[in-house]
Amino acid sequence: MRRLFFWPLLLLFIAACMLWTFFFRPVKSSIYRAIPADVTFLSTHQDLAGRWDDFRANPLAQSLFHTLGVSSGEIDALSADPNFRETLRRLASDELVLGYVPEFGFSRDPAWIFVSWIGRQDVLLRWILGSGKISECELLGRKSGWNMWSVVSPGLSNAQFTQFAVGEGVLIGCISKDPRGIRFVLDAYDGRMPSVSGNPGFADQMVEWRHSENPDKGWYRREGESVPGLLYELKNVDSHGFEGSLVWDTALAGDNSVGATGRFPTLNRLFGDLPVALLMMNSEPLVEWLPRNTDSVWMHAVRELLAADVHKTAVAGLFTDDYSGRYMGIKLPGLVLAVQADGHDAARQTILGLLDVLNAKHQLGLIAREAVADNHVVYMIESTSQNLYSKLSYRERIACTYLDGWLLVSSNYDTLQKLLSRYAGKSSPDDRTPVWAVGVGDTNSAGYGWIDLMKGGKSIRLALSAYSFRLALKESRGESEQRRERIGTAKAWIDALAPLKVCSLRLNTAEGETRLHFSMGDRPPTTGDQ
């Protein structure tokens, strides 16, 4: 009788194993279960394997590879390797999720979590790993039915552990300083620790993401916040550059349309193709964004200047080379802020009122001395107090003037004087649109920005280097070292972005949210709402 039941049960068991192995379909959304709930940055990417050639040819990606010590030749050789292509196809042909956790595991150090949907290929990958054919992978043990593996390679830092596990249609892993990191990730996946998939509103977000045509998207939130404060999307990532958008759920204040650049022929004629960076916005949202209580004199000055009439357009331009300025003898880019003004008298009253406010708050003893430059009245801002600003030469000091509907405030007299000379030498505006204005077109964006990443980045990098050197000479305290570390990070990003050549920005607000669309590279930006 026992034999009569044994064989049917054995066949049923084998059939169940075959059914589980080859026909069981895990739920794809389960990949988010492995991301811990306290993740601050979450990013999802579709079909990286199919887009690899475009991705590796992107100038920013190549710069990042170079930063990691990997040359373009090495990337090309790796991409030509059939084994690499096959591995990439198996591991990154569907959805890949990345998460950054600022305090992870027992060590409470930052960690990166990665999860890739590999479907039925998890069975084959487990068999390959179990056969020992991949010498770079070392078995760590077993937890809750999962084999845990560690990647051992001479090219990896000894301070970081790269660990992973495979099963249920997913490859789960982490890069952390905790040697037990993969156990925490599996605990999140199995529900023994909080996961991001259990956060309120996460299901609605997944529905919205699945309807998005952009293959790369994600969000960022500050530590301690329950909902993301910033969303991002990328598209058209290729050798020419990429496009994308940042979205946050706060609408801009007031009437925010800066209009077409044709409204500003004076600035077109004054600036021409000279700026290496330019920002154009309505004053009202800028006033809301700038801090009200600040110890920075210059931040306070800009806020008060824009608050004088919040219904005007403000344009800031950054100038280098012959139109640069100097500070304590160090050559720095010149900054010119242009704010719409109702005549010369109104502009003069705005300047005098601003000086009164700054003197009352900071006791700077600022006065406006009138001078003439190219038949224009220029107000030289001087100081009667014994401070660092009073030691600057007159060409290094702030200068202001009124020009055909605009109040111009320059970070130094030299830049303003050279621009006025150029303006006076032009009998009429240029017929063509300046290069910085091409991306604006005739749209009514809430704001617009343009940056020459190569030329402007070089000048900004030199200025940061000079400032860093000054900090090093001035003091050796921890605060100075932290500032220099941040400067070093900024210079690294400048170097990475420089090969993209140009960046254009457009700001739009509607239905309670603000969207910043950006385009980096040498392709024309996409028109219309993004």
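These lines cover the structure that appears in this document, whether it is placed above or below.

Definitions and limits used
Residues numbered from 1 in each chain as written. Predicted model: local features only at pLDDT ≥ 70, side-chain atom pairs only at ≥ 80, totals over all residues. Heavy atoms only, no water. Helix = DSSP H or I, 4+ residues; strand = E, 2+ residues; numbered from the N terminus. Buried < 20%, exposed > 50% of the residue type's maximum accessible area, 1.4 Å probe, protein only. Contact = heavy atoms within 4.5 Å. Salt bridge = Lys/Arg side-chain N within 4 Å of Asp/Glu carboxyl O. Phe/Tyr/Trp six-rings, centres within 6.5 Å; stacked < 30°, edge-to-face > 60°. Lys, Arg positive; Asp, Glu negative; His and termini not counted.

A word on the overall build of the protein. Of regular secondary structure, the protein possesses 15 helices and 22 strands. In the protein, which comprises 530 residues, the proportion classed as buried is 45%. Within the protein, residue pairs in contact and separated by at least 24 positions form 61% of the contacts whose partners lie at least 6 positions apart.

Turning our eyes to something else, we now look at the pattern of salt bridges. Going through the model one piece at a time under the given rule, you end up with 17 salt bridges. In this structure, arginine 89 and glutamate 86 form a salt bridge, with 2.6 Å as the shortest nitrogen-oxygen distance. Of this pair, arginine 89 and glutamate 86 both sit in helix α5 (residues 82–91), separated by 3 residues, roughly a single helical turn. Close ionic contact of glutamate 382 with arginine 397 constitutes a salt bridge, the shortest N to O distance being 3.9 Å. Here glutamate 382, found in strand β17 (residues 376–383), pairs with arginine 397, found in the loop between β17 and β18 (399–403); they are 15 residues apart in sequence, far enough to count as distant. We note that glutamate 382, like arginine 397, is buried. One salt-bridge network, held together by shared partners, links Asp53, Arg56, Asp76 and Arg85.

With that settled, consider the environment of tyrosine 232. By the element assignment, tyrosine 232 lies in strand β9 (residues 230–238). Sequence-wise, tyrosine 232 and serine 245 are 13 residues apart; in three dimensions their C-alpha atoms are separated by 5.6 Å. Ignoring sequence-local partners within four residues, the contact set of tyrosine 232 consists of Phe41, Leu42, Ser43, His45, Asp216, Lys217, Gly218, Trp219, Ser245 and Leu246.

Below, the discussion takes up the packing of aromatic side chains. What the rule picks out here adds up to 11 aromatic pairs. Between phenylalanine 41 and tyrosine 232 the ring centres are 6.2 Å apart and the planes differ by 15 degrees, which places this aromatic pair in the stacked class. Remark: tyrosine 232 occurs in strand β9 and phenylalanine 41 occurs in strand β1 (residues 41–46); sequence separation between them is 191 residues. When its relative accessible area of 25% is taken as the criterion, phenylalanine 41 is described as partly exposed. Residue tyrosine 232 is classed as buried on the basis of its relative accessible area, which comes to 15%. Each ring, one from phenylalanine 104 and one from phenylalanine 184, has its centre 5.9 Å from the other, and the planes form 65 degrees; the classification is edge-to-face.

With that settled, consider the side chain of aspartate 178. Turning to its location among the elements, aspartate 178 is positioned in the loop between β7 (170–176) and α7 (181–189). This buried residue, aspartate 178, is left without a salt bridge; arginine 180 holds the nearest opposite charge, at 5.5 Å. Once you skip the residues sitting within four places of it in the chain, aspartate 178 turns out to touch Gly105, Phe106, Ser107, Phe161, Gln163 and Phe184.

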